[in-house]
Amino acid sequence: MNSKDIREKFLSFFEAKGHTRVDSSSLQLNDDPTLLFPNAGMCQFKECFLGHNDRGYVRATSSQKCMRISGKHNDFENVGMTPRHHTFFEMLGNFSFGDYFKKEAIEYAWEFVIDVLQIPQERLWITIFEDDDEAEELWKKHSDVPAEKIVRLGESENFWSMGDTGPCGPCSEIHYYTGDDPSKATRKGLEEDDGTFLEIWNLVFMQFNRDESGKLHPLPKPSVDTGMGFERVASVCQGVGSTYDTDLLRGVISICEKLSGYTYDGSSFEVRDLKTDKEYARDVAMRVIADHSRSIAFLIADGIHPASDGRGYVLRRILRRAVRHGRSLNFPEPFLAQTTGYVVDLMGDIYPELRERRDIITKVADAEERKFYETLDAGLAVLQKEVARLNKDELFPGKTAFLLHDTFGFPLDLTEDALKPDNIKVDTTAFHKEMDAQKKRSREDRKEQGISFDSVSLSGKPTTFLGYQELKAESKLTQLLGGEKPSYGEGETVTLVFEETPFYGESGGQVGDTGEIIFADAKLSLVDTQKSPSGHFLHHVKVVQGSLSPSLIGEKATLCVDQARRAAIIRNHSATHLVHSGLRTVLGEHVQQAGSRVDDRSLRFDYSHFEQVTPEQLKEIQEFVNDQIRANHEVVTQEMPIEQAREKGATALFGEKYGDVVRVVEIGPQSLELCGGTHANRSGDIGFLMISSEGGISSGVRRIECLTGIGAEQQISYEHDERYEIAHLLKSDAKELPSKVEKILHRQKELEREIEKLKSQLASNASGDLFDKARTSPEGVRVIAEHVGDTDPKSLRNMVDNLRVKLGSGVVVLGSQQGDKGLIIAGVTSDLTEKIHAGTLVREAAKATGGKGGGRPDFAQAGGLDPALLPKALDLVFGLVG
């Protein structure tokens, strides 16, 4: 049974049981600040379990993309070492939101495992929470599991929670015995997790919500959350001993075999010596690459790009770890484009985003891989040098680990991974001390710049946004955030939450509104509006008149948006959509948004593209956008089911979380996007757009910045005035500036050539004078060691070369003053380089004069010297020649 069949059988089985098939959520969980990535199927249904979200169905089934590489559920260190741990995996699940509970969950699970997958019953064992008598009775009643194969375990094993807080409850697990003879399976083996059992399905009976204090609160309606490890059940159904031997991962391992010329064994997962057992080390490397290639492909497909923090840094860690293992397999060339491309081919039918973003996936992976190669070997050399210096049982210095992290791009876990063959541990305390010191420096820098960050606790219903239709409204104050002060006077700042608001809260790249808020006895200036993940709009205000106190909670205020600023913002936001359309039209459909910033002054749009954009292409993009503006298209916004929006071809924007019903913004025939921002009424309202800058910002990501309306007009006026000013300075007509500048540059090059010619003549003349000053050392070597005044480096090098030729055999060392620093250049004729090293001469001379230097045996230089000490340095050189 191939993996595609298993997945489809699962989803179809539960659809037949009245469940709604739901697509996997993105690996970006922007609406849940407690998780970096979804780590289970239930993550996208969290609000359903809490009773906060009614989706129109009470039963659901899905195959969820998951990552376990951070927080409580972190399998990173086990990847490649065990037969079943992964960073990326799929979780098959069926869910009940207050509908059915334990009885049906157990019945469905047993029916699917026995009747559909036809897994041998004699190999199945059940675990339950130690206090869950009901679950035990239900298993006995609704399955054929013998009582002795139902095992009670404690909270650490059979009480499941998604994180430190959130929905949780007792669970029951189905385990598969992997040994040769199922009659030899024992309760003790299961209880002690001796490696002979494989957990394939976890049935979680959601009864509680754990708060930040650890207290359990009953959920409004008991629910069911089940999770079947897709890769694990595939290994069972395909009769292989490891998830790496399933059709989900074995193909990538085959690519590794082809590229390296080595054969994958994989017959044993017994831990062996990574340094001496090369076959085992190669097996581990191939498994790591197979796992990591899947993570890389899916992360990039969901809009995550390599970065120095957050999800992007997780991607970079995974990618660089894969690259290091590729180096250990002696791959002759970069490989991630091939392995991630295979993942796209294998999984693209199930997850269309993989196919849609194939070029982005392979090109980002390849660019990041090539970039890391630039520092990988140098970093490994530093690591090995430090290893050679260590005594037995000594920790790898945290300071060196930090150097590898900060200078060579080695995440800590990559350094730890690279040290495994030597059984050396990193002094993580010292490493984190260095990291904390760096963070402290960053905090101090932010403090100097007046930047600060605060967290707030929010409660109650989310804020209702009125700003699509209204720019002024009355609303009731529900929360005042800012400390325990009894009141806030003129000039003080505080944060407010209202029931309703016309102010747009920053999200989707659009900045928050500003304006004015008026109470009966207080006037406030709104300096910013933010939207929290919970849907509350945070109004950051400054008291202008009167005072503000918690007693105003429940009172109404008048909220007025700064209309002129909002109008400028909406022009730029609508223009952003047209720029996106222009980029895809001119550069290709591979262009995807990677970030944006829209305010009242300009717009910034980050996008995926892997080549430099030519001036001609930029001109074409600008012309495309302005054609759309002049067409004066009506900007049509409407809400529709997300599936309908996708069928119409709507483009989803980077970093946005969409519900079942979405807002679609259409601007003419070529721009259709999902967007929650505010927009112009017609494209003509934008006026005019000009591109102000464009360039690369990271591997495979570029940034374009534009001005519209008055901003574009002001920029054009500035450039016009500047052009005429330059024309005036050059005594030229503005229309003839290019030819005038070309003539000036041509004349400048002619003059520079004449200067070089004259300098060469002067150097030749000076060389003749210096030749007469040659001295013979006690060893019989002719030496010229002289100070030649203020001579530029190029001329000095020419003089040294000329004198070497004239000497035929000897040493030439010349010193010169460049500004407030001294320079020494040394040359040794080829017949003397075996006993006299030019690099050594200048290095020793530099030490005596506060500089640094070195070079080849025949030619070297030193800089940064104290000019007053040059004569001393030149005398020292003569003495060194001997």
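Each remark here, short or long, concerns the structure printed above.
Residues numbered from 1 in each chain as written. Predicted model: local features only at pLDDT ≥ 70, side-chain atom pairs only at ≥ 80, totals over all residues. Heavy atoms only, no water.

A look at the overall build of the protein chain
Along its length, the protein chain carries 24 helices and 32 strands. Dimensions of the protein chain, computed from the C-alpha atoms along their principal axes, are close to 110 × 75 × 55 Å. The buried share of the protein chain, reckoned over its 882 residues, is 51%. The long-range share in the protein chain, meaning contacts at least 24 apart out of those at least 6 apart in sequence, stands at 67%. (Helix = DSSP H or I, 4+ residues; strand = E, 2+ residues; numbered from the N terminus. Buried < 20%, exposed > 50% of the residue type's maximum accessible area, 1.4 Å probe, protein only. Contact = heavy atoms within 4.5 Å.)

What to know about the sheet that holds strand S25 (residues 689–698)
The strand order S20-S21-S26-S25 describes an open sheet built from four strands, whose pairing is antiparallel. Each end of this open sheet is capped by a strand with a single partner; those strands are strand S20 (593–598) and S25. Adjacent strand axes in the sheet meet at a mean angle of 15° when their direction is disregarded. Relative to strand S21 (residues 603–608), S20 is paired through five bridges, and the arrangement is antiparallel. What sits directly across from Arg597, in S21, is Arg604. (Pairing = 2+ DSSP bridges. Axes fitted to C-alpha atoms, helices over the stretch in contact; angles between N-to-C directions.)

A look at the sheet that holds strand S28 (residues 782–787)
What links the strands of a sheet is backbone hydrogen bonding, and the strands pair in either a parallel or an antiparallel sense. The mixed open sheet is built from six strands, whose spatial order is S27-S28-S29-S30-S32-S31. Across the chains shown, the open sheet's two edge strands, defined by having one partner strand only, are strand S27 (775–776) and strand S31 (852–855). In the sheet, strand S30 (residues 821–828) pairs with strand S32 (residues 859–865) via five bridges, with the strands oriented antiparallel. When the bridges of S32 are listed, Gly822 appears paired with Leu865. Of the strands in this sheet, strand S29 (811–818), S30, S31 and S32 are in contact with helix H23 (residues 838–848), which crosses S31 at around 175°. In the packing of helix H24 (residues 870–881) onto the sheet, the strands contacted are S27, S28, S29, S30 and S32, and the crossing angle to S29 comes to about 170°.

A word on the packing of helix H9 (residues 278–301) against helix H11 (residues 336–347)
Direction vectors running N to C along H9 and H11 enclose 70°, while the axes themselves pass 9 Å from each other. Classed by the angle they form, the pair H9 and H11 counts as roughly perpendicular. Here H9 contributes Ile289, Ser293, Arg294, Ile296, Ala297 and Phe298 to the contact with H11, which in turn contributes Leu336, Thr339, Thr340, Val343 and Met347. In terms of residue class, the contact of H9 with H11 is built from seven nonpolar, three polar and one charged. (Parallel < 35°, antiparallel > 145°, perpendicular 65-115°, else oblique. Nonpolar A, V, L, I, M, F, W, Y, C, P; charged D, E, K, R; others polar.)

Focus: the nonpolar core
Counting residues in each nonpolar core, the largest one holds 108 residues, and the members touching the most others are Trp139, Trp201 and Phe396. If near-sequence neighbours (up to four positions away) are discounted, Trp139 is found in contact with Ile106, Trp110, Ile126, Ile128, Val145, Ile150, Ser172, Ile174 and Leu203. Core analysis: the second largest hydrophobic core is formed by 25 residues, Leu587, Leu603, Val625 and Val665 among them. (Core = buried A, V, L, I, M, F, W, Y, C linked by side-chain atoms within 4.5 Å.)

A word on helix H14 (residues 398–408)
Buried within H14 we find Gly398, Thr400, Ala401, Phe402, Leu404, His405 and Phe408. Positive backbone phi, at 75°, marks Gly409, one or two positions downstream of H14.

Points about unusual backbone geometry
The backbone of Asn330 shows a phi angle near 60°, a positive value even though the residue is not glycine. Its place among the elements puts Asn330 in the loop between helix H10 (310–328) and H11. Backbone geometry at Asp393 places phi at a positive 70°, although glycine is not the residue there. Structurally, the position occupied by Asp393 is in the loop between helix H13 (358–389) and H14.

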